[in-house]
Amino acid sequence: MLKVLVIILNWNGYKDTVECLESLFKNTCQNFKVIVLDNGSKGNDMQLLKEKFNNKIVLRKNKQNLGFAAANNQCIKYAIKRNFTYVILLNNDTNVDKHFISSLLSCAKKYPGAAAIG
């Protein structure tokens, strides 16, 4: 069974992150997990996300903003340790189509040697 992890970074972008997550959870493919890494936000984004999405997402927090690459790498290491088959990096200001994940998985199946699909 495929294991898909969607990685979303948040940095002082609670509203955008909520809209992104809401669009993601409307996907026809439900075979995925989401990790949201708060990358040093100043406010209470983390608490608000926990209250709104509780068991639907894994939440992690950095004390300071480590930058895009380092923060995503943290989450990719999380995925590798837990044997996820695919990792999707998704910007928090993105609203996705309901077929987003299934389309990516179809493409991955068609091109099994591809290192990245976008």
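Everything discussed here concerns the structure shown above.
These numbers come from a predicted model, not from an experiment.

A cluster of basic side chains, namely Lys3, Lys33, Arg60, Lys77, Lys81 and Arg82, defines a positive patch on the protein surface. Examined against the element boundaries, Lys77 turns out to sit in helix α3 (residues 68–81). With relative accessibility at 55%, the residue Lys77 sits in the exposed group.

Our focus in this paragraph is the packing of aromatic side chains. Counting across every chain of the model gives 2 aromatic pairs. Between the aromatic rings of Phe25 and Phe32, the centroid separation amounts to 6.1 Å while the plane-to-plane angle is 20°, which identifies the pairing as stacked. Seen in terms of ring centroids, Phe25 and Phe53 are 6.1 Å apart; in terms of plane orientation they differ by 40°. Their pairing is tilted. Note that Phe25 is positioned in the loop between α1 (14–24) and β2 (33–39) and Phe53 in helix α2 (residues 45–53), a separation of 28 residues in sequence. By relative accessible area, Phe53 is classed as buried at 6%.

Conventions used here
Residues numbered from 1 in each chain as written. Predicted model: local features only at pLDDT ≥ 70, side-chain atom pairs only at ≥ 80, totals over all residues. Heavy atoms only, no water. Patch = residues over 30% accessible without salt bridge, like charges linked within 9 Å, V, L, I, M, F, W, Y side chains within 5 Å. Areas by Shrake-Rupley, 256 points an atom, 1.4 Å probe, with all protein chains shown as cover. Salt bridge = Lys/Arg side-chain N within 4 Å of Asp/Glu carboxyl O. Lys, Arg positive; Asp, Glu negative; His and termini not counted. Charge placed at Lys NZ, Arg CZ, Asp CG, Glu CD. Helix = DSSP H or I, 4+ residues; strand = E, 2+ residues; numbered from the N terminus. Buried < 20%, exposed > 50% of the residue type's maximum accessible area, 1.4 Å probe, protein only. Phe/Tyr/Trp six-rings, centres within 6.5 Å; stacked < 30°, edge-to-face > 60°.

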